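# Tertiary structure, described
Below, each chain spelled out in residue letters.
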Amino acid sequence: MHPSLAPHLHGDCLEIIQQLYRCHEQHPVGKFLGECNDIKRALNRCVKEEVFKSFLSDIHFTSLVEGRCVMYKQQDLRKRRRNQEDAKRRRKTLKDLCSAKQE
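Residues numbered from 1 in each chain as written. Predicted model: local features only at pLDDT ≥ 70, side-chain atom pairs only at ≥ 80, totals over all residues. Heavy atoms only, no water.

Turning our eyes to something else, we now look at the pattern of salt bridges. Under the criterion given, the structure shown has three salt bridges. Between D38 and R41 there is a salt bridge whose closest N-O contact spans 3.1 Å. Of this pair, D38 and R41 are both found in helix α2 (residues 37-58), three residues apart, which corresponds to roughly one turn of the helix. Note on D38: relative accessible area 60%, which makes it exposed. For R41, a relative accessible area of 47% translates into the label partly exposed. K92 serves as the salt-bridge partner of D96, at 3.3 Å between the closest nitrogen and oxygen. (Salt bridge = Lys/Arg side-chain N within 4 Å of Asp/Glu carboxyl O. Helix = DSSP H or I, 4+ residues; strand = E, 2+ residues; numbered from the N terminus. Buried < 20%, exposed > 50% of the residue type's maximum accessible area, 1.4 Å probe, protein only.)

Now for a nonpolar patch on the surface. Residues V29, F32 and L33 make up a contiguous nonpolar surface patch of about 410 Å² in total accessible area. Secondary-structure assignment places F32 in the loop between α1 (14-26) and α2. Given a relative accessible area of 68%, F32 falls into the exposed group. (Patch = residues over 30% accessible without salt bridge, like charges linked within 9 Å, V, L, I, M, F, W, Y side chains within 5 Å. Areas by Shrake-Rupley, 256 points an atom, 1.4 Å probe, with all protein chains shown as cover.)

A separate point is the nonpolar core. With 10 residues, the main nonpolar core is built from L5, C13, I16, I17, L20, C23, C36, L43, C46 and V47. Within the residue set of this core, elements represented by two or more residues are α1 and α2. Per-element accounting of this core gives the leading share, four residues, to α1. Residues within four places of L5 in sequence aside, it is in contact with H10, I17, L20, Y21 and L43. (Core = buried A, V, L, I, M, F, W, Y, C linked by side-chain atoms within 4.5 Å. Contact = heavy atoms within 4.5 Å.)

Next up on the list: the environment of E49. On the secondary structure map, E49 appears in helix α2. On a C-alpha basis, the gap between E49 and C13 in space is 9.7 Å, while along the polypeptide they are 36 residues apart.

Okay, the state of the cysteines next. Should the sulfur atoms of two cysteines be covalently bonded, the bond is a disulfide. Scanning the entire structure with this criterion turns up two disulfides. Across a sulfur-sulfur distance of 1.9 Å, C13 and C46 are joined as a disulfide pair. Disulfide C13-C46: the torsion about the S-S bond is -100°, which places it as left-handed. Here C46 lies in helix α2 and C13 lies in the segment before α1, a separation of 33 residues in the sequence. Judged by relative accessible area, which is 0%, C13 ranks as buried. Between the sulfur atoms of C23 and its disulfide partner C36 the distance amounts to 2.0 Å. What sets the handedness of the C23 and C36 disulfide is the S-S torsion sign, and at about -95° it is left-handed. Of this pair, C23 sits in helix α1 while C36 sits in the loop between α1 and α2, and the two are 13 residues apart along the sequence. Across the pair, exposure class does not vary: C23 and C36 are buried alike. (Disulfide = S-S within 2.5 Å.)

Structure (C-alpha cells):
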C-alpha cells in the first residue's frame, strides 16, 4: 500500500501517479487482477526515493561516538545543545553552592 498520492506531496512522482490513475480508469476490474502492478511498483520505488532524499536533507551532523557513526538530525542537535547548556548551568550552580558552604 502506498501513502497519500496528493500531487503537492510528491512532486517528483507526479507523472507515475497520473499513469497509475489512468491505468485504474482503463482497467476497472484488471486493477484487482494485477494489471497495474508494474506502475504501482515504479510508484513505490519513486516514493521510497523521495522519502530517502528527504531523510538525507534532514541530516545535519555526523560524528564518531565510541567507534560508531552517529547521525543527528537538526532538531536533535538543538535539543542536545539545550541539554548540554542546562547541564553546565546545573553544574555551575552546584559548584557555587558547595563553595559557599565551605566558606
